[in-house]
Amino acid sequence: MGTPKIVLTADRTLMSPYRGLSLATFFGCAPAIDPHRDKNSFWYKILKNQVTPKILFDFICNYIPHTNGVANFAPYGLRKLEAGLLRDGFRRDEVVVAHPDHIEQFIGPETQVVGTYEMDPLGMGPVTMTFTYGRKQISYDELYNTELHQRIKAAKEKTGSKAKVISGASGTWQYNYDPEKIEEFGIYAILEGELGGIAPEIDGHAGRFFNYLINGDFENMDPFRKRSDFKVNIKEFERNGKKIHGRFVNFWDRPELEEIPDIIEPSMHGMVEVMRGCGRGCKFCDVTLRSLRYYPPEKVVQEIEVNMKKGGSTSAWIHSDDIFVYGMDPRTSKGMEPNREALEELFTAIMSTGVEHTNPTHGTLAGAIADEKLIPNISKIIKSGPDNMIGVQAGFETGSLRLIGKYADRKLAPYSPDEWHWVVKEGVKTLNKDYWIPAFTLIMGLDNDETPEDSWETIRLISELEQEQPESMFTATALTFVPIGLLEKSDFFNIGNEMTPAQLGVLYKTWQHNFKYGIQKFMTKTGAKGPQRYFFNAIARSLGGVPLSAMEKYARKKSKEHELVIEKVKAQYW
Ligand code: B12
Ligand code: SF4
């Protein structure tokens, strides 16, 4: 039997259950290699260039299982693509979703396309840029994406395969910043959106896109094509006096629900979509560029059943960019009032599948408190409780009323920017009361427009939460600003060189919160049950102090002002 026509895959960091520890899913953003480490240093003697020890990373980032090299689980977007190809006429034996550690098995002379799902291929996402000091170190995301491409390239060379390698999904914009990788990896084309970084939705045209690829239509396609078609853009970059070319295929579409196929094989983490887009319009976010559509509960149930029957899932991650927008008609809900009935119906349908646990991936604080019956009612349906905590990611972004009003005013609707501190405090109280734990993300250096006073407002707000609500449960992760969404023309915030003393204070305060406060108060109660939970907490307890000491050391080296900020955070805001 020959090799399949189309091979789809993703690197190890996106093909791991992370031993069931939901916060560990971001571990790929951790630094792997420090190419500049001083050879005489203590750490070089112990770890050479490794930053997060590889043995630890590989243990936590365990591979998903496979069946004869075929991945048993895959990122949801890749599952959508697979389903689209099968709907559009490709046969099952022509399309495979390969396990990254068995990729060679599927690449041969008959292979026409190898498609890779890439969320952070060069380690330039916000979390990664924070942990690698703005890519001064190499992250595991980049390391394993590089390894995957090298293996694909070697397999092609070995078998004489002429397969075209195509990179897809939300992280492909990163190749614009490091185009040398396009040649190094041997990438034939990169699928890119026309509006900001977020990937184009290919659901309605999966077959057409792959047929164009196979037939060589992207070799010299009319750049003035009709609006609804794909556009080929051969970009020229100059690096170190050398010209580099990359084939970018631009596309934008808003498929109707009927054009979005249901997944037919299990997704990672039992994740299924319930909506596309968000509608709140934060300027620093590109998800909001996808227009709003809601899946009817039956479609959601259909996909959860695939995960349960074929993947043995007992829980469902409900992907929503803001769950509290589900079912809302933005034309009539000017204040973004949640549609409680629609949400109750949705979660009742989800629980009717028999899953033991479900949690929405993202939700806004304003949405959570806009209707006082909302969280209590959903919680009853999904049976949240001390043994069934509901983790949800929420944007805290900043404590600065000026910045939140300027960049994310609709995130607060129906409230106004001057009520932001109240919204945050009330939001935490409301969620915690029903055993929901928000995992907050903050943006450092937002649009390079953050003043020291803005940063202090953030530090004060976190500290007030700790003081006023001493039993509150939340995590806070400060991320550096990355120019995506409506701010894609802005510059990256360079944490390595541009961090002000007050911004260091924000970083310090968030780590202090997570590792000194969070672990003691609630982290042992969340995540997967069983011994791994205790193992992970033990690691977090022992390693948690490392970044705090590193920041203190950094402050001592940097300036007296930096040092004073840390002292002030410790003395006044802890
Ligand atoms: C689930 C998720 C995760 C999970 C992934 C779990 C998994 N293994 O699948 C976890 C928590 C691990 C994660 C981590 C990260 N994530 Co994430 N994640 C998402 C989220 C919420 C949903 C992704 C999804 O399934 N979307 C729905 C599907 C249908 O859309 P899609 O993936 O784009 O797929 C479509 C197309 O892209 C296309 N397609 C998909 N694959 C392929 C392949 C080929 C070859 C082709 C041609 C087309 C194609 O077809 C699909 C159907 O149209 C998105 C937000 C969002 N709304 O997308 C953020 C998002 C993708 N993540 C993001 C980022 C930055 C990260 C991190 C770097 C952390 C961070 N915030 O800094 C890490 C990187 C992880 C890594 N190892 O690379 C950003 C990307 C922003 C950008 N433009 O770069 C997003 C958009 C969130 C945001 N607004 O910040 N993430
Ligand atoms: S609420 Fe979240 S998903 Fe929606 S636009 Fe703002 S940042 Fe993006």
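Residues numbered from 1 in each chain as written. Chains lettered and ligands numbered in written order. Predicted model: local features only at pLDDT ≥ 70, side-chain atom pairs only at ≥ 80, totals over all residues. Heavy atoms only, no water.

**Q** So what exactly am I meant to see when it comes to the pairing of strand S6 (residues 113-117) here?
**A** A regular strand places its side chains on the two faces of the sheet in alternate fashion. Counting buried positions along S6 yields 5 of 5 residues, so the element is predominantly enclosed. Residue alternation in S6 divides its side chains into two sets, Val113, Gly115 and Tyr117 and Val114 and Thr116, and both sets are buried. Both strand S1 (residues 6-10) and S6 contribute to a ladder of 5 bridges, which runs parallel. Each bridged residue has a counterpart across the sheet, and for Val7 the counterpart in S6 is Val114. Strand direction decides the pairing type here: S6 and strand S8 (residues 164-168), joined by 5 bridges, are parallel. (Buried < 20%, exposed > 50% of the residue type's maximum accessible area, 1.4 Å probe, protein only. Helix = DSSP H or I, 4+ residues; strand = E, 2+ residues; numbered from the N terminus. Pairing = 2+ DSSP bridges.)

**Q** Honestly, the site of ligand 1 in this entry has me stumped. Any pointers?
**A** Surrounding ligand 1, one finds 46 residues, the nearest of these being Tyr117, Val127, Trp173, Asp203 and Asp286. A distance of 2.6 Å is found between an oxygen atom of ligand 1 and a side-chain nitrogen or oxygen belonging to Trp173. Contact between ligand 1 and Arg290: an oxygen atom at 2.9 Å from a side-chain N or O atom of the residue. Broken down by element, the residue count for the shell around ligand 1 peaks at 5 residues, all from helix H3 (residues 76-87). Considering only residue class, the shell around ligand 1 consists of 24 nonpolar, 12 polar and 10 charged. (Near = heavy atom within 4 Å. Polar contact = N/O pair within 3.5 Å; in protein donor to acceptor, adjacent residues only side chain to side chain. Nonpolar A, V, L, I, M, F, W, Y, C, P; charged D, E, K, R; others polar.)

**Q** What am I meant to see in the sheet that holds S6 here?
**A** What holds strands together in a sheet is hydrogen bonding between their backbones, with the strands either parallel or antiparallel. If you walk across this open sheet you meet the 7 strands as S5-S1-S6-S8-S9-S11-S10, and the pairing is mixed. Edge strands, defined here as strands with exactly one partner in the open sheet, are strand S5 (95-97) and strand S10 (231-239). Looking at each pair of strands side by side, their axes are set apart by 25° on average, direction ignored. Helix-sheet contacts for helix H7 (residues 206-215) involve S1, S6, S8, strand S9 (189-193) and strand S11 (242-251), and the interaxial angle to S8 is about 150°. (Axes fitted to C-alpha atoms, helices over the stretch in contact; angles between N-to-C directions. Contact = heavy atoms within 4.5 Å.)

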